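Residues per chain are reported as follows:
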Amino acid sequence: MHEISTHPVPEDFKANALVNDELYQQMYRASIEQPEQFWAEQANKFLDWRKPWTKVVEQDFHQGQVAWFVDGKINVTENCIDRHLADRANDTAIIWEGDNPNESQNISYQQLHDKVCQLANGLKQRGVNKGDRVCIYMPMIPEAAYAMLACARIGAVHSVVFGGFSPDALKDRIENADCQVVITADEGLRGGKAVPLKANVNIAVAQCPNVHTVITVERTGADIASNGDIDISYNALCETQSRRCDAEEMDSEDPLFILYTSGSTGKPKGVLHTTGGYLLGAAISHKYIFDYNPGEIYWCTADVGWITGHSYIVYGPLANGATTLMFEGVPTYPDASRCWQVIDKHQVNIFYTAPTALRALMAQGDQYLTTSSRQSLRLLGTVGEPINPEAWEWYHQEVGQSRCPIVDTWWQTETGSVLITPLPGANSLKPGSATRPFFGANPVLLDPDGNELEGAVSGNLAFKGAWPSQIRSVYGDHQRCIDTYYTTYPGYYTTGDGARRDEDGYYWITGRVDDVLNVSGHRMGTAEIESALVLQDAVAEAAVVGYPHDVKGQGIYCYVTLMTGYEWSEELMQQLRSDVAKEIGAIARPDIIQFAPGLPKTRSGKIMRRILRKIAADELDTLGDTSTLADPTVVDDLIDNRVIPK
Ligand code: 6R9
């Protein structure tokens, strides 16, 4: 392993930072030793409440029960919009940058208010009430943010489904949450190509009889098929509505949104987040981790279909009255200089992206950096997967010209906001380390028996004690929430990640300890991909593992056993790859499919994935014991016919 350099906080950054090392220590200690007092103070500092809470927190990890700011009343949009109007109605809330570099738009807080209220009134007119679920299947256009906020305005619960998901995946999610309204666009635009969103919605809702309304934004103006009565255009619905809509008074624990994420078993689960605690977590972390000062331009490149888009494009920044940039396109269109061009164009100060994007851009060569100055940049961030030190150094030296600290933020859909991260004015940086716990986060490393490990050591990453933006339930299946997060190590929240703590108390995430892949920062269960494969007529059995991939972090490697009567061919393999993409979405398209006459199984019939992982990674010398297999000879065939990634 090559030597990892430590980067101290630059002196001029430290001088102006919101939190320096001393303050971090002091606030962190307070947050762990007196959590109720700490969080009560922060909840008053960061948010406006309609009515105060009677109790700061109630928690029972054995039952997966967590409640924050009990009996407190609040509305998220009053915090994200209305309260900023008095002083800064004309300040920019959202900068929208189109896929086409000549298209952009600034939306002020006043305009945001008006748009959100009009849609909120439109939703009401279509019969949406407090507590109803609304599915949002949108490209990265301002209306996606309006839709989320319009739901929050009236107390409806949104479920954003990433626009890259297939009609089937969309249908499953609409059904699971029993959404009766879907908000979409005719088409999305990414890298100059159209994405057929409304056509996908048509296919999905044909199987969802409870959907009574589909609201469609005209993004490209494409000629799209209508669904008859249930269809209404966004403009037709909104333009005649009043620009005022009283915000619904919500209980702190009323649901705000559902967001589906993959686990190691079964179908994706709907992670449920509630109102007061979630918003506080998003706001405080956005403020301190990005060292955000009023007037600064902040850009997170995530899609609103993921938790990062929820917490760090929409809710956190807007709660803080920030200017948040929303980008419709991709980092490589028209070419690999796009992000840097956008940074210059909008004078972006804070830039937050995924390691996979950085690796892809780095691979294209440094010439794409020469057409921009990036002088406005002050702070950089990463999220979604571990960043390898090479990519970190490139980001730091080339993109940030060695001037900007990098915050490597660890968190999950379930944690709602960042839990392990550097604070840029407080911590020296070690490339590849997510660094230290954020306020209120109490990480522990556990051995397989659930004992807490001390000192510099590796183990299973878990958390002790509740934090405000924590998952409240799995929608419609609370038992699954208990089983997934609170059962492996009773009394703790289990992350499913492994981590190492070094002698300075820095955390290094080593990856998932379960059957979950992280492909280009997207979380995917191997079980989902296996189900998509065995749905195909030709496939008898499938086993899916990850392998190290230079750009994506992990690639998808599938072993497939065929039904009798089918023959392995290049065409069949390509067909299966596209079948999976069609079934789940392009992000799940397998990189490699190997034909396997047999899979390595234990005598009880369990597939030994450990062996499959080693073969996929071409680590044959550490294959381990294969003698317990029912038929050890299958391994030889898999080795002889393994596909070595290019
Ligand atoms: C925010 C988000 C969560 C999983 C998580 C972990 C991986 C996220 C990371 C990281 C190393 C980081 N992960 N951030 N691994 N360093 N800074 O990505 O949520 O899509 O739910 O994925 O992503 O494995 O458990 P989500």
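Residues numbered from 1 in each chain as written. Predicted model: local features only at pLDDT ≥ 70, side-chain atom pairs only at ≥ 80, totals over all residues. Heavy atoms only, no water.

**Details of the overall build of the chain**
Reasoning step 1: The secondary structure content of the chain amounts to 19 helices and 32 strands.
Reasoning step 2: Against the compact-globule benchmark of 26 Å for 646 residues, the chain has a radius of gyration of 24 Å, which places it among compact chains.
Reasoning step 3: Across its three principal directions, the C-alpha atoms of the chain cover 75 × 60 × 55 Å.
Reasoning step 4: Evaluated residue by residue, the chain yields a buried proportion of 60% over its 646 residues.
Reasoning step 5: Working note: accessible area of the chain is about 24,500 Å², and carbon and sulfur atoms make up 47% of it. (Helix = DSSP H or I, 4+ residues; strand = E, 2+ residues; numbered from the N terminus. Rg over C-alpha atoms; globule rule 2.2 N^0.38 Å. Buried < 20%, exposed > 50% of the residue type's maximum accessible area, 1.4 Å probe, protein only. Areas by Shrake-Rupley, 256 points an atom, 1.4 Å probe, with all protein chains shown as cover.)

**Observations concerning the sheet that holds strand β24 (residues 457-463)**
Reasoning step 1: The strand order across the open sheet formed by four strands is β23-β24-β26-β27, and the pairing between neighbours is antiparallel. Bordering the open sheet on either side are β23 (443-446) and β27 (507-512), each of which pairs with just one other strand. Between one strand axis and the next, the sheet turns through 45° on average, direction left out of account.
Reasoning step 2: Bridge analysis of β23 against β24 gives four bridges, and the strand direction is antiparallel. Bridge pairing in β24 links V444 to A462. (Pairing = 2+ DSSP bridges. Axes fitted to C-alpha atoms, helices over the stretch in contact; angles between N-to-C directions.)

**A look at the side chain of K269**
Reasoning step 1: Of note, K269 is situated in strand β15 (residues 269-274).
Reasoning step 2: The side chain of K269 is buried and forms no salt bridge, while E414, the nearest opposite charge, is found at 4.8 Å.
Reasoning step 3: If sequence neighbours within four positions are ignored, K269 has contacts with L259, Y260, T261, S262, G263, E414, V474, R480, T484 and Y485. (Lys, Arg positive; Asp, Glu negative; His and termini not counted. Salt bridge = Lys/Arg side-chain N within 4 Å of Asp/Glu carboxyl O. Contact = heavy atoms within 4.5 Å.)

**A word on the pattern of salt bridges**
Reasoning step 1: As enumerated under the stated definition, the model contains 35 salt bridges in all.
Reasoning step 2: Put simply, K73 and D251 hold a salt bridge, and the shortest N to O gap is 2.9 Å. Here D251 lies in strand β13 (residues 250-251) and K73 lies in strand β3 (residues 73-74), a separation of 178 residues in the sequence.
Reasoning step 3: For D251, a relative accessible area of 17% translates into the label buried.
Reasoning step 4: Residue K345 pairs with E97 through a salt bridge whose shortest N-O separation is 2.9 Å. Residue K345 is found in helix α12 (residues 338-346), and its partner E97 is found in strand β4 (residues 92-97); the two are separated by 248 residues along the sequence.

**Some thoughts on the layout of surface pockets**
Reasoning step 1: Computed from the structure, the second largest pocket encloses a volume of approximately 380 Å³.
Reasoning step 2: Listed by contribution, the elements that provide at least two residues to the lining of the second largest pocket are β24, α15 (478-486) and β26 (493-501).
Reasoning step 3: Here the lining of the second largest pocket gets five residues from one element, more than from any other, and that element is β26. (1 Å grid on protein atoms, 1.4 Å probe; cavity = no way out; pocket = protein on both sides within 12 Å on 5 of 7 lines; lining within 4 Å. Points joined across faces, edges and corners; volume = space filled by probe spheres on them.)

**A few points about the UniProt feature "domain: AMP-binding enzyme C-terminal" (unreviewed entry) in the chain**
Reasoning step 1: Under the local residue numbering, the UniProt record ascribes the feature "domain: AMP-binding enzyme C-terminal" (unreviewed entry) to residues 528-606.
Reasoning step 2: As annotated, residues 528-606 has a helix share of 28% and a strand share of 32%, and its two end C-alpha atoms lie 17 Å apart. (UniProt positions renumbered as here; feature names shortened; annotations may be inferred.)

**A look at the packing of helix α5 (residues 109-125) against helix α6 (residues 142-154)**
Reasoning step 1: Running from amino to carboxyl end, α5 crosses α6 at an angle of 65°, the nearest separation of the two axes being 8 Å. The hand of the α5/α6 crossing is right-handed. Residues L112, H113, K115, V116, C117, L119, A120, L123 and K124 of α5 pack against Y146, A147, L149, A150, C151, R153 and I154 of α6. (Left-handed = near helix turned anticlockwise from the far one by under 90°.)

**Some details on the packing of α6 against helix α11 (residues 307-319)**
Reasoning step 1: At a minimum axis separation of 11 Å, α6 and α11 run at an interaxial angle of 55°. Taken together, the axes of α6 and α11 lie oblique to each other. Every pair of crossing elements has a handedness; the one defined by α6 and α11 is right-handed. Facing α6, whose interface residues are A145, M148, L149 and A152, α11 presents H310, V314, Y315 and L318. (Parallel < 35°, antiparallel > 145°, perpendicular 65-115°, else oblique.)

**Topic: the site of the ligand**
Reasoning step 1: The local shell around the ligand holds 17 residues, among which D408, T409, T413, D497 and R523 are the closest.
Reasoning step 2: In the environment of the ligand, a nitrogen atom lies 3.4 Å from a nitrogen or oxygen atom belonging to the backbone of E385.
Reasoning step 3: With respect to the ligand, the side chain of R523 contributes an N or O atom lying 2.6 Å from an oxygen atom.
Reasoning step 4: Contact with the protein chains removes 95% of the 530 Å² of surface that the ligand exposes when unbound. (Near = heavy atom within 4 Å. Polar contact = N/O pair within 3.5 Å; in protein donor to acceptor, adjacent residues only side chain to side chain.)

**Brief notes about the UniProt feature "binding site: Mg(2+)" (unreviewed entry) in the chain**
Reasoning step 1: Mapped onto this structure's residue numbering, the UniProt feature "binding site: Mg(2+)" (unreviewed entry) falls at V534 and V539.
Reasoning step 2: Apart from the residues lying within four places of it in its own chain, the contact partners of V534 are V539, A540, E541 and A542.
Reasoning step 3: Inspection of the secondary structure assignment puts V539 in strand β30 (residues 539-549).
Reasoning step 4: If near-sequence neighbours (up to four positions away) are discounted, V539 is found in contact with L533, V534, V560, T561, M563 and L576.

**Remarks on the packing of aromatic side chains**
Reasoning step 1: A full pass over the atoms with the stated rule returns 37 aromatic pairs.
Reasoning step 2: On the numbers, 6.0 Å between centres and 70° between planes, the contact of F290 with Y312 is edge-to-face. Within this pair, whereas F290 is found in the loop between α10 (276-289) and β16 (297-300), its partner Y312 is found in helix α11, the two being separated by 22 residues in sequence. Here the two residues F290 and Y312 agree in accessibility, since each one is buried.
Reasoning step 3: In this arrangement the basic side chain of K430 is found over the ring face of Y506, its NZ or CZ atom lying 4.6 Å from the centre. (Phe/Tyr/Trp six-rings, centres within 6.5 Å; stacked < 30°, edge-to-face > 60°. Lys NZ or Arg CZ within 6 Å of the ring centre and 35° of its normal.)

**A short note on unusual backbone geometry**
Reasoning step 1: For the bond running from Y333 to P334, omega is -5°, close enough to zero to count as cis.
Reasoning step 2: The residue Q401 is not glycine, and still its phi comes out positive at about 50°.
Reasoning step 3: On the basis of relative accessible area, Q401 is assigned to the partly exposed category, the value being 30%.

**Here we look at the nonpolar core**
Reasoning step 1: Counting residues in hydrophobic clusters, the biggest one holds 167 residues, and the most contacted among them are L112, L123, I174, Y315, F439, I529 and L533.
Reasoning step 2: Residue contributions to this core peak at 10 residues, all from α6.
Reasoning step 3: Those residues in contact with I529 that sit more than four places away from it in its chain are L517, M524, V544, I556, C558, V580 and I584.
Reasoning step 4: In this structure, L325, V342, L361 and Y395 belong to the second largest nonpolar core, which totals 26 residues. (Core = buried A, V, L, I, M, F, W, Y, C linked by side-chain atoms within 4.5 Å.)

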